[in-house]
Amino acid sequence: MVRNEVFRRLTAAALRILAVAAAWLVAGRIGLLQQVVVGGAKVAPLWPPTGIALTCLLILGLRVWPGIAIGTLLVIATIGPVNGASLAIAAGNSLAVVCSCLMLRAVGFRIELDRLRDGVALVFLGALAGMLISATVGSLALLLVGSLPASGFCATWSAWWVGDAMGVLVITPLLLALHTFRRPTAIRPYQWAEPPLLVALTAVVALIGTRSTLHLLFLAFPVLIWAALRYQLMVAAPCVLVISVIAVRAAVDGVGPFAGHSTLAVMFTLQALNGAAALTALLLSALIAEQRNTYFRIEQACVALAEVVARLAPGEEAHRWPPAEDGDEDRPGRG
């Protein structure tokens, strides 16, 4: 019995690691479809595997970290030979995501993202701070093996760092929102239609903004803000993903506001848009969720207090909570 239990646990752990590796491989292949050459090296403006890997560590635990290294090596193997630089890149990717997870745990991060502090922690610790490791290790590895000229180190490092950070900011909130989603018990039929309409409207506005030379990228933000106010991350996160994917495609094609600019200028504009959209959705959604939770706790405390008062003074129904609506004929004190 003991051996069978140990075998099941080892099998389950191995399957989880392989699942993480497979997810990294698939997401990595998708990310490689949109590449730009910065400083003599190819980088992805949006690298989804980092967001997927961080989500897996937050939900499944740190034991699945080998899947990150395996997935990285598999992605590299699909585009070229595996060498010493590949091993260094795999180690850097794994260490970056593990450090991000540890820093988030250290500050009491909650995967529900229902507090403003959780949103801020994900931005500055999970994305910006943690991904410094992968960008630094990866760029140094390419420099040491001669795949990256010294003159292009800073440009490649910055593009690598921002791409990994955008993967966390865009993908992790979406996956965490899906993981913590609970179907509403009472919702009107038209409310089911509003979320997909918001996502579709975001896509239309993003296409107009990225395919027009009139610099209309800001038009997506009112829709994004509305989605965050109404449905928080469950709808705002898909809207951010839509904006990022459409913007990356336009940047790679060099159309709209990205036409006629240098690669660094295009990357700066692209990541400024992606970062602003992700920050707006994440922080606003976390703030609204925190306010709603605070209101709910206050309401619960008032109900509990009203019950205590009712037990101490059984005949005093006027202390009932919540108070009856105006015009209610059954409200105490009305004839």
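Criteria and cut-off values
Residues numbered from 1 in each chain as written. Predicted model: local features only at pLDDT ≥ 70, side-chain atom pairs only at ≥ 80, totals over all residues. Heavy atoms only, no water. Helix = DSSP H or I, 4+ residues; strand = E, 2+ residues; numbered from the N terminus. Areas by Shrake-Rupley, 256 points an atom, 1.4 Å probe, with all protein chains shown as cover. Lys, Arg positive; Asp, Glu negative; His and termini not counted. Charge placed at Lys NZ, Arg CZ, Asp CG, Glu CD. UniProt positions renumbered as here; feature names shortened; annotations may be inferred. Core = buried A, V, L, I, M, F, W, Y, C linked by side-chain atoms within 4.5 Å. Buried < 20%, exposed > 50% of the residue type's maximum accessible area, 1.4 Å probe, protein only. Contact = heavy atoms within 4.5 Å. Patch = residues over 30% accessible without salt bridge, like charges linked within 9 Å, V, L, I, M, F, W, Y side chains within 5 Å. Salt bridge = Lys/Arg side-chain N within 4 Å of Asp/Glu carboxyl O. Expected span 1.5 Å × (residues − 1). Arc of directions from axis to C-beta.

## So, the overall build of the protein
Thinking step 1. What the protein contains, in helices and strands, is 11 helices and two strands.
Thinking step 2. Sequence-ordered secondary structure for the protein, helices as α and strands as β, is α-β-β-α-α-α-α-α-α-α-α-α-α.
Thinking step 3. Its C-alpha atoms give the protein principal-axis dimensions of about 90 × 70 × 30 Å.
Thinking step 4. Approximately 17,400 Å² of the protein is accessible, and the part contributed by carbon and sulfur atoms is 68%.
Thinking step 5. Across the protein, 23 positive and 17 negative side-chain charges occur, with their mean positions spaced 16 Å apart.

## Examining the UniProt feature "transmembrane region" (unreviewed entry) in the protein
Thinking step 1. As annotated by UniProt and renumbered to match this structure, "transmembrane region" (unreviewed entry) occupies residues 52-75, 87-108, 120-145, 157-178, 233-252 and 264-289.
Thinking step 2. End C-alpha atoms of residues 52-75 are separated by 15 Å, and the span's content is 79% helix alongside 0% strand.
Thinking step 3. Structurally, residues 157-178 comprises 100% helix and 0% strand, and the distance from its first C-alpha atom to its last is 32 Å.

## Digging into the nonpolar core
Thinking step 1. In terms of nonpolar packing, the biggest core is built from 69 residues, with Leu54, Phe109, Leu122 and Leu224 touching the most fellow members.
Thinking step 2. Sorting elements by how many residues they give to this core places helix α10 (residues 233-253) first, with 12 residues.
Thinking step 3. Ignoring anything within four residues of it in the chain, the contact list for Leu224 reads Ala236, Cys239, Val240, Ile243, Ala277, Thr280 and Ala281.
Thinking step 4. Counting residues in each nonpolar core, the second largest holds 10 residues, with Ile76, Ile89, Ala135 and Ala141 among its members.

## Digging into a nonpolar patch on the surface
Thinking step 1. Together, Leu201, Val204, Ile208, Phe218 and Leu219 give the surface a local cluster of nonpolar side chains, amounting to about 450 Å² of exposed area.
Thinking step 2. As for its position among the elements, Ile208 is in helix α8 (residues 189-211).

## Remarks on helix α9 (residues 220-231)
Thinking step 1. Helix length check: α9, at 12 residues, gives a terminal C-alpha distance of 16 Å against a target of 16 Å (1.5 Å per residue), a fit within 8%.
Thinking step 2. Those residues of α9 lying buried are Ala220, Phe221, Val223, Leu224, Ala227, Ala228 and Tyr231. Viewed end-on, α9 has its buried residues packed into an arc of 160°, placing them on one side of the element.
Thinking step 3. With its phi angle positive at about 55°, Gln232 sits one or two positions after the end of α9.

## Regarding the pattern of salt bridges
Thinking step 1. Applying the stated criterion across every chain, the model contains five salt bridges.
Thinking step 2. With its nearest N and O atoms 2.9 Å apart, the salt bridge here joins Arg110 to Asp114.
Thinking step 3. The class of Asp114 is buried, set by a relative accessible area of 14%.
Thinking step 4. For Asp253, the salt bridge goes to Arg249, with nearest N and O atoms at 2.5 Å. Here the residue Asp253 and the residue Arg249 both occupy positions in helix α10, the gap between them amounting to four residues, near one helical turn.
Thinking step 5. Judged by its relative accessible area of 37%, Asp253 is partly exposed.
Thinking step 6. Through salt bridges with shared partners, a single network forms among Arg211, Arg249 and Asp253.

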